[in-house]
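Residue-level structure breakdown
For reference, the chains in residue letters:
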Amino acid sequence: MTTMAEKGEHRYILNMGPQHPSTHGVLRVILEMEGEYVMDPQPVLGYGHRMHEKMAESRPWPNFLPNAARMDYLSALIYNHGYVGVVERLAGIEATPRAEYIRVITSELNRLQSHLLWLGVLVLDLGAFTPIMYTFEDREKILDILEDVTGSRLTYCYMRVGGVVRDIDDKFVERTREYISWQRSRMPMYDKLVTGNIIFRKRIEKIGEFNPDMARRYGLTGPVLRGTGIPYDIRRAEPYSVYPEFDFEIPTETTGDCMAAYLVRVREIEQSLRILEQALDKLPAGPAMAKVPKKLKLPAGDACYAVESPRGELVYHLTGDGSDTPYRMKIRVPSFSNLSLLPELCRGMLLSDLCACMGSLDLVIPEIDR
Amino acid sequence: MSTVMNTGFLPLELLRIIFALICAIVIVFGNAVVMGYLERKLAGRFQRRPGPMEVGWHGILQLAVDGVKLVGKQLIIPKQTDRVLYRLAPIISFAPAIMPMVVIPFAPKLQGRDFDIGLIFILAVVAINVLAILIAGWSSNNKYSLLGAMRSVAQNVAYEIPMLLTLLSVILVTGTFSLRGIVEAQSGGAWFIFFMPVAFLIFFAATLAETNRAPFDLPEAESELTAGFMTEFSGMGFSLFFMAEYTYMFIACSLTVILFLGGWSGPPLPYGEYTSALWFFAKVYALLLTMIWIRWTFPRVRFDQLLNFCWKYLVPFSLVHLLVTAVVLKL
Amino acid sequence: MESKDSVIAAFKKIPVKVEEVDFAQRGYHLEIRLESSQLRAFAELLRTGNFYLSYVSGLHLTTGIDVSYQFANYGFPCRLLAHVSADADNSLPTIADIFQGANWHERETKDFYGVIFRNHPNLKPLLLAEDMEDLKPLLKKEQALKDRAAITRVEKIAEDKPAPAVKKEDA
């Protein structure tokens with residue numbers, strides 16, 4: 001692929017972003033090009049940098065709850081989950097069983113809508129406009145369900161230390177069940193419309209060669225990693241919340257290309273639906289909020305809490321010093337590490353393939369910039 | 001409009017041409033409006049949404065409002081563009097699109113002028129569009145525009161070949177380049193699509209690429225090149241390109257109808273010499289709808305795939321087709 | 001390395017101080033304290049042991065800046081957190097040539113704390129603007145600084161930690 005482009009005499013710089021249709025947000029990539037071949041893509045970050053880690057250090061820990069949702073707007077509830085998880089772990093509080101189930105249910109709904117959006121956007125990056133409208137139709141149903149219980153549609157602030165802020169009711173359960181069967185009935189259509197489309201397959205098969213060694217060097221996690229054949233999912237590897245109680249698979253593929261990442265994500269939709277079904281069946285009665293001291297101080301010490309976001313491993317590392325303000329909070333976001341392999345991955349690729357690669361990495365830029 | 005009126009008086013002949021040109025311009029603009037509305041409405045239906053609904057009944061006046069908006073918009077000319085070429089490019093793209101309308105036979109008696117070399121005339125005029133795109137890309141002084149223009153040139157040059165080769169198969173049968181002659185050769189339902197369906201498919205695929213329509217819309221690939229050669233154009237500059245695209249689509253589909261679908265022929269109508277244009281337009285719009293349908297269904301191909309498809313499949317197939325046609329005719 | 005115990009055994013070679021901690025309370029399995037001279041050997045050991053780098057981050061204490069490295073393994077549950085104190089000139093050797101992913105994490109740490117990573121291929125600002133190089137947002141003010149003892153878990157907390165949530169069923 002790189003044969004024609006080894007001399008480097010006729011190179012020119014193409015600035016992609018921060019406002020470009022396929023960088024999905026304010027990511028800028030400086031591309032050193034030779035004809036249509038990308039010789040050296042260098043991402044430039046920081047356009048949406050808000051210094052969430054400093055904000056966490058400068059206010060009492062409950063005031064950071066809304067911030068958690070504003071890093072990754074597509075998996076806000078999973079960020080909620082990680083944050084309350086780390087505070088609970090450090091302070092030694094346990095949420096009620098019902099709350100844990102509700103957390104899993106809402107997290108999985110959140111994961112589903114993130115995957116659905118990604119599915120539409122990836123195909124949009126490849127030039128087909130229609131599937132995104134279909135996935136949005138599905139996604140709307142999830143957003144409606146979540147809006148009823150959390151009060152917002154995107155930047156949720158729903159989970160609290162010890163539980164969740166509002167209990168779910170029978171109507172929620174019923175609507176979620178309806179949604180599950182609806183989503184199941186839609187998947188064959190996506191198979192025909194997208195997966196079976198010959199142009200789509202030719203565009204992403206054998207594009208982007210991820211392999212386990214590269215994944216280790218860069219700290220790659222999430223569906224792209226599972227596309228290389230490693231069944232690594234925090235929900236299984238370091239089970240948190242009530243995930244051990246559910247029966248679900250970790251889909252993997254072995255080819256390690258963009259198609260593998262695509263197939264893994266599509267199959268994860270079905271697994272999330274399975275988790276949802278089981279969680280709704282097993283949902284225990286009881287309070288949705290544990291008794292937590294009104295003025296909870298974070299004890300001295302540190303704790304980590306890793307959760308599986310739709311994009312990979314999300315880790316909160318919280319250090320407390322006995323006051324109610326964290327001494328330090330580090331947030332490890334998956335897209336940051338996932339994007340950092342772009343220069344190595346996309347060297348010598350066509351511009352169109354770069355778009356396909358960025359699409360299958362499923363980047364959320366505010367999460368990277370934090 | 002009939003050829004019977006051709007009595008040799010120059011002023012009368014001139015009047016006829018002028019009248020034909022005016023009609024051509026009306027068709028061009030009418031087609032742009034109809035296509036603009038159809039495309040948006042159909043795209044809406046394909047995507048399970050209603051499409052334009054606000055202006056007029058079911059948004060029927062949407063295009064008029066859009067037109068006013070585009071005319072009223074400031075034409076932004078970025079610094080460091082080649083100003084002359086930048087202003088010229090949309091005009092060079094749009095103006096040649098009107099000319100083929102004069103020779104297209106809509107009905108037995110609805111034709112501006114029947115040239116003996118009508119087919120070659122259309123192909124020659126339409127090819128100017130590539131130049132316009134190249135000028136647009138070059139003069140914009142934008143790398144995305146230039147990439148789009150380069151793609152456009154490579155793509156159009158490549159797809160011209162299978163298109164011409166399949167045309168030759170038809171010409172071998174009819175023995176004339178006159179569009180009217182080609183249509184008359186298919187009278188009585190003997191449409192060429194029934195005799196050479198492969199040629200029809202190759203021709204249709206090539207026209208999709210020639211008109212830069214999805215899945216071959218690489219010159220303006222939105223997700224890669226923002227808008228390709230159109231990136232820097234705004235207001236009327238943009239809308240001229242836009243109208244030119246629809247007009248070229250119309251011309252391409254008209255050619256397909258003339259060459260393979262029997263032109264105006266269809267069940268007899270009263271005053272058939274004029275009204276059979278109805279069949280012509282019905283066929284053309286059926287093809288245009290197919291183009292829209294394809295666009296809103298398929299992803300875009302990659303550039304190397306596009307050229308491979310042309311050189312490795314379309315060109316050999318059309319060559320073989322030409323050979324087979326020639327042999328069959330000789331027998 | 002196939003399990004946590006073999007990892008601990010392998011660390012004896014360097015040798016580093018390893019402490020096994022309770023995962024349920026801390027969220028990671030091994031806590032490690034390193035000298036800056038051991039850092040590269042440590043990273044290379046983990047690289048051959050098929051670990052991946054989760055993140056690099058910092059911690060500002062009265063004694064200076066502590067840089068922490070978190071590693072985990074795709075194959076078995078073993079998350080380890082290594083702390084290294086930056087040298088007197090506020091620098092550390094880079095591990096970006098061993099774990100390429102560290103490149104950006106180290107740049108970020110440089111942005112936030114000003115720690116220089118020696119021999120780093122490209123230590124330009126990553127998240128902050130180029131003209132904000134003196135900002136160092138995560139350095140704390142003198143009066144807010146704590147020493148290590150203040151942020152270390154006191155074991156007695158583990159014993160009489162706040163009573164686990166009282167379930168409301170009886171209420």
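Not measured: the values here are computed from a predicted model. (Residues numbered from 1 in each chain as written. Chains lettered and ligands numbered in written order. Predicted model: local features only at pLDDT ≥ 70, side-chain atom pairs only at ≥ 80, totals over all residues. Heavy atoms only, no water.)

Some details on the overall build of chain B
Counting secondary structure elements, chain B contains 15 helices and zero strands. A globule of 331 residues ought to have a C-alpha radius of gyration of about 20 Å, and chain B, at 20 Å, matches this closely. Taken along the three principal axes of its C-alpha coordinates, chain B extends 60 × 45 × 45 Å. By the burial criterion, 53% of the 331 residues in chain B qualify as buried. For chain B, restricting intrachain contacts to residue pairs at least 6 apart in sequence, the fraction spanning at least 24 positions comes to 76%. Total accessible area computed for chain B in this model is approximately 14,800 Å², and 74% of it derives from carbon and sulfur atoms. Positive and negative side-chain charges of chain B, numbering 23 and 18 respectively, have mean locations separated by a distance of 5 Å. (Helix = DSSP H or I, 4+ residues; strand = E, 2+ residues; numbered from the N terminus. Rg over C-alpha atoms; globule rule 2.2 N^0.38 Å. Buried < 20%, exposed > 50% of the residue type's maximum accessible area, 1.4 Å probe, protein only. Contact = heavy atoms within 4.5 Å. Areas by Shrake-Rupley, 256 points an atom, 1.4 Å probe, with all protein chains shown as cover. Lys, Arg positive; Asp, Glu negative; His and termini not counted. Charge placed at Lys NZ, Arg CZ, Asp CG, Glu CD.)

Overview of the UniProt feature "transmembrane region" (unreviewed entry) in chain B
Residue and element names in this part refer to chain B. Within the UniProt annotation, "transmembrane region" (unreviewed entry) is assigned to residues 14–38, 84–107, 119–140, 161–183, 189–209, 246–265, 277–298 and 310–329. Its end C-alpha atoms 24 Å apart, residues 246–265 is made of 75% helix and 0% strand. Split by type, residues 277–298 is 86% helix and 0% strand. Its first and last C-alpha atoms lie 32 Å apart. (UniProt positions renumbered as here; feature names shortened; annotations may be inferred.)

Re the interface of chain A and chain C
Between chain A and chain C, the contact holds 56 residues from the first and 57 residues from the second. Counting the surface lost from both chain A and chain C, the interface buries some 4,900 Å², and carbon and sulfur atoms represent 57% of this. On the chain A side of the interface with chain C, the three residues burying the most area are Arg216(A), Arg217(A) and Tyr327(A), jointly 16% of the side's total. At the boundary of chain A and chain C, one finds eight salt bridges. Across the pair Asp302(A) and Arg26(C) runs a salt bridge, and its minimum N-O distance is 3.1 Å. Looking at the side of chain A that touches chain C, its residues break down into 27 nonpolar, eleven polar and 18 charged. (Buried area = accessible area lost by both parts, 1.4 Å probe. Salt bridge = Lys/Arg side-chain N within 4 Å of Asp/Glu carboxyl O. Nonpolar A, V, L, I, M, F, W, Y, C, P; charged D, E, K, R; others polar.)

Let's talk about the sheet that holds strand β7 (residues 312–320) of chain A
Residue and element names in this part refer to chain A. Across the sheet, which stays open at both edges, the three strands sit in the order β6-β7-β8 with antiparallel pairing between neighbours. Strands at the two margins of the open sheet, each flanked by one partner only, are β6 (301–309) and β8 (328–332). Pairwise comparison of adjacent strand axes, ignoring direction, gives a mean angle of 10° for this sheet. Here β7 pairs with β8 via five bridges, running antiparallel. (Pairing = 2+ DSSP bridges. Axes fitted to C-alpha atoms, helices over the stretch in contact; angles between N-to-C directions.)

Overview of the interface of chain A and chain B
Chain A puts 32 residues into the contact, and the matching count from chain B is 24 residues. The largest share of the area that chain A buries against chain B comes from Glu36(A), Phe129(A) and Ile199(A), three residues that together contribute 22% of it. Between chain A and chain B we count three salt bridges in total. Across the pair Arg302(B) and Asp353(A) runs a salt bridge, and its minimum N-O distance is 3.2 Å. Taken together, the connections running from chain A to chain B amount to ten residue pairs in polar contact (both at pLDDT 80 or more). Of all elements in the fold, only β1 (12–16), α4 (97–125), α5 (130–150), α7 (198–204) and α14 (351–361) of chain A reach the threshold of two or more residues within the side of chain A that touches chain B. (Polar contact = N/O pair within 3.5 Å; in protein donor to acceptor, adjacent residues only side chain to side chain.)

A look at the pattern of salt bridges
Applying the stated rule across the entire model yields 58 salt bridges over all chains. In this structure, the salt-bridge partner of Glu184(B) is Arg180(B), at a minimum N-O distance of 4.0 Å. With Glu184(B) and Arg180(B) both in helix α8 (residues 179–185), this residue pair falls four residues apart, about one helical turn. Look at Glu184(B) and you get partly exposed, because its relative accessible area is 44%. The network of salt bridges with common partners includes Glu53(A), Glu57(A), Arg328(A), Lys330(A), Arg370(A), Glu108(C) and Lys140(C).

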